[in-house]
Amino acid sequence: MLPLDKQLATSIDQVSRALAEWTVVALYEAHPDFETRYGPDGRGLWKGELLNRLQYLAEAVAADRAALFVHSVEWARAAFMARGFEISHLTASLSELDETLKAELPEALSARTSRILAEGVKVAARPESPRDDAVLESAFGQRGADTVRARAYLVNLLERHQSKAVEVLLDAVRSGRTVSEVYESIIAPALAEVGRLWHINEATVAAEHYVTTATQNAMAVLRMKLPQAKPNGKRALAASVGGDLHDVGIRMVADLLESEGWQVDCLGANMPTTDLVEHSVDEIGRPQFDLIALSASTGLAVRTTDHAISALRTACSEGRIPVMVGGGPFALIPDLWKVVGADGCASSASDAVRVARELAV
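Residues numbered from 1 in each chain as written. Predicted model: local features only at pLDDT ≥ 70, side-chain atom pairs only at ≥ 80, totals over all residues. Heavy atoms only, no water.

Trainee: Can you break down the pairing of strand 1 (residues 235-241) residue by residue, with the values?
Mentor: Judged by how many residues are buried, strand 1 sits mostly within the fold: six of seven residues are covered. After leaving strand 1, the chain enters helix 12 (residues 248-259) and then returns to the sheet as strand 2 (residues 263-271), a path that is right-handed. Relative to strand 3 (residues 291-295), strand 1 runs parallel, the two sharing five bridges. Residue pairing in the sheet places Ala-238 in a bridge with Ala-293 of strand 3. (Buried < 20%, exposed > 50% of the residue type's maximum accessible area, 1.4 Å probe, protein only. Helix = DSSP H or I, 4+ residues; strand = E, 2+ residues; numbered from the N terminus. Right-handed = clockwise from strand over helix to strand, strands pointing away. Pairing = 2+ DSSP bridges.)

Trainee: Pulling in residues and values, what's your account of the pairing of strand 4 (residues 323-326)?
Mentor: Burial along strand 4 is two-sided: the residues Val-323 and Val-325 and Met-324 and Gly-326 are all buried. Where strand 3 and strand 4 come together, four bridges link them in parallel fashion. Paired with Ile-292 across the two strands is Val-323, which belongs to strand 4. Handedness of the crossover is the feature at issue here: the chain leaves strand 3, passes through helix 14 (residues 302-315), returns alongside strand 4, and the resulting connection is right-handed. Bridging between strand 4 and strand 5 (residues 344-345) involves two bridges; their strand directions are parallel. By the bridge assignment for strand 5, Val-325 is matched with Cys-345.

Trainee: Got a sec to walk through the packing of helix 5 (residues 67-82) against helix 7 (residues 107-124)? Specific residues and values, please.
Mentor: Running from N to C, helix 5 and helix 7 cross one another at 30°; their axes reach a closest spacing of 9 Å. One way to sum up the angle between helix 5 and helix 7 is to call them roughly parallel. At the point where helix 5 passes helix 7, the crossing takes the right-handed sense. Along its contact with helix 5, which presents Phe-69, Val-70, Val-73, Glu-74 and Arg-77, the element helix 7 presents Ile-116, Leu-117, Glu-119, Gly-120, Val-123 and Ala-124. (Axes fitted to C-alpha atoms, helices over the stretch in contact; angles between N-to-C directions. Parallel < 35°, antiparallel > 145°, perpendicular 65-115°, else oblique. Left-handed = near helix turned anticlockwise from the far one by under 90°. Contact = heavy atoms within 4.5 Å.)

Trainee: Got a sec to walk through helix 7? Specific residues and values, please.
Mentor: Look at helix 7: 25 Å from first C-alpha to last across 18 residues, which is about the 26 Å you get at 1.5 Å a residue. Among all positions of helix 7, only Leu-109, Ser-110, Arg-112, Thr-113, Ser-114, Ile-116, Leu-117, Gly-120, Val-123 and Ala-124 are buried. Those residues of helix 7 hidden inside the fold are in contact with helix 1 (3-14), helix 4 (42-63), helix 5 and helix 6 (87-104). (Expected span 1.5 Å × (residues − 1).)

Trainee: I'd like to hear about the pattern of salt bridges, residue by residue, with values.
Mentor: Following the criterion strictly, the structure yields 26 salt bridges and no others. Measuring nitrogen to oxygen at the nearest pair gives 3.5 Å for the salt bridge that ties Asp-98 to Lys-102. Placement of the pair is Asp-98 and Lys-102 together in helix 6, with a separation of four residues, close to one helical turn. Within the structure, one salt-bridge network assembled from shared partners comprises Asp-146, Arg-149, Asp-171 and Arg-177. (Salt bridge = Lys/Arg side-chain N within 4 Å of Asp/Glu carboxyl O.)

Trainee: So what about the sheet that holds strand 5? Which residues, and what values?
Mentor: Reading across the sheet, the five strands line up as 2-1-3-4-5 and stay open at both edges, with parallel pairing between neighbours. The open sheet is flanked by strand 2 and strand 5, the only strands paired with a single partner. Examined bridge by bridge, strand 1 and strand 2 share six bridges and lie parallel to one another. Along strand 2, the bridge assignment pairs Ala-238 with Cys-266. The strands that helix 14 touches are strand 1, strand 3 and strand 4; relative to strand 4, the one it contacts most, it runs at about 175°.

Trainee: Which residues make up the environment of Leu-332, and what are the values?
Mentor: Positionally, Leu-332 belongs in helix 15 (residues 328-332). Between the C-alpha atoms of Leu-332 and Ala-67, which are 265 residues apart in sequence, the distance is 7.9 Å. Each residue touching Leu-332, except ones within four places of it in the same chain, is listed here: Ala-67 and His-71.

Trainee: Mind laying out the packing of aromatic side chains, listing which residues take part and the relevant values?
Mentor: By the definition in use, this model includes seven aromatic pairs. When the centroid spacing of 5.7 Å and the interplanar angle of 15° are considered together, the rings of Phe-34 and Trp-46 count as stacked. One end of the pair, Phe-34, is in helix 3 (residues 34-38); the other, Trp-46, is in helix 4, with twelve residues separating them in the sequence. As far as burial versus exposure is concerned, Phe-34 and Trp-46 are alike and both buried. When the ring of Tyr-38 is compared with that of Phe-85, the centres are 5.6 Å apart and the planes differ by 70°; the resulting orientation is edge-to-face. Linking Tyr-38 in helix 3 with Phe-85 in the loop between helix 5 and helix 6, this pair joins segments that are 47 residues apart in sequence. Exposure remark for Tyr-38: the relative accessible area of 13% places this residue in the buried category. (Phe/Tyr/Trp six-rings, centres within 6.5 Å; stacked < 30°, edge-to-face > 60°.)

Trainee: Would you mind going over helix 14 in detail, with residue names and values included?
Mentor: With 14 residues, helix 14 extends 20 Å from end C-alpha to end C-alpha; this agrees with the ideal 20 Å at 1.5 Å per step. All of the buried residues along helix 14 are Val-302, Arg-303, Thr-305, Asp-306, Ala-308, Ile-309 and Leu-312.

Trainee: Outline the packing of helix 4 against helix 5, listing residues and values.
Mentor: Helix packing for two helices is described by the angle between their axes and how far apart those axes are. Between helix 4 and helix 5, the least distance of the axes is 7 Å, while the angle of their chain directions is 155°. Taken as axis vectors, helix 4 and helix 5 run roughly antiparallel relative to one another. For the pair helix 4 and helix 5, the contacting residues are Trp-46, Glu-49, Arg-53, Tyr-56, Leu-57, Glu-59, Ala-60 and Ala-63 in the first and Leu-68, Phe-69, Ser-72, Val-73, Ala-76 and Phe-80 in the second. A breakdown of the residues in the contact of helix 4 with helix 5 according to their chemical character gives ten nonpolar, one polar and three charged. (Nonpolar A, V, L, I, M, F, W, Y, C, P; charged D, E, K, R; others polar.)

As structure tokens, then:
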């Protein structure tokens, strides 16, 4: 990321609460019916919605990639549709936000945010049709998914039948599927689907958490089925960046690397940059690993990823650790890994093994 872009994004962060508040006031003045439509908690709900949108806007400015913001609008649109809210209200909120930014931010910055917001408005203003919204489509239909087993796995978990869900996975292994294939064709689509169901208000937070926790337990069973290559003398550190609470994907990467002979320190979710660096480099700046694998599951973790990589580069005074990244925003924007300064990007857990092999030469 360019220093000026990050500075402009920080400018948005510093006044985001005030910007959201002023936009809500303008929105309610322009739409008096909102008081009745959204009730006594409406202003607070709209402030939260706008704060979220501003967070994504700041990430888009920092990375100079409008798609980070536009994708967030796609998901907001889907949530509005699922809850019976009018999409025109989402469009109106983005337009009012644009006006607020033009009035309150320096012209050089507001000109950039206005261009990004305009792209978001185009998405939000599309005709209301579920067929137009990829985020409303079941994750079971994604390429490579074992649809029947993925659905059976998720249904069993939603019905609280953990043992039956694990049996679905083991049956796939017995039928000839590798653990890697089970991870990517059954577990990954099932987790994506429960996340989608939560987003469109068809699954509770408790259900989503239960499925995630049960999946971590199921992966512990599958881990015993992984072949174990001879140690290759390579060490890797795997973690989700600070603020990212999702770690199933990075644990899959760690499992598959270990199966290939790597020694892996998997530090899980929400790894603060300071601690990541301290664990990766000794007191005189010598790298302690042959590879760092970082996961960012949402667009809100892009700047954190950039900061983590920059900190690692600075700390390594006597060498360089290759950094591999992966996760939702990097799948969305093909060159985003270059923007954050990584050395490579993996599209899946199995692809991470290939990328790791290429980087740690």
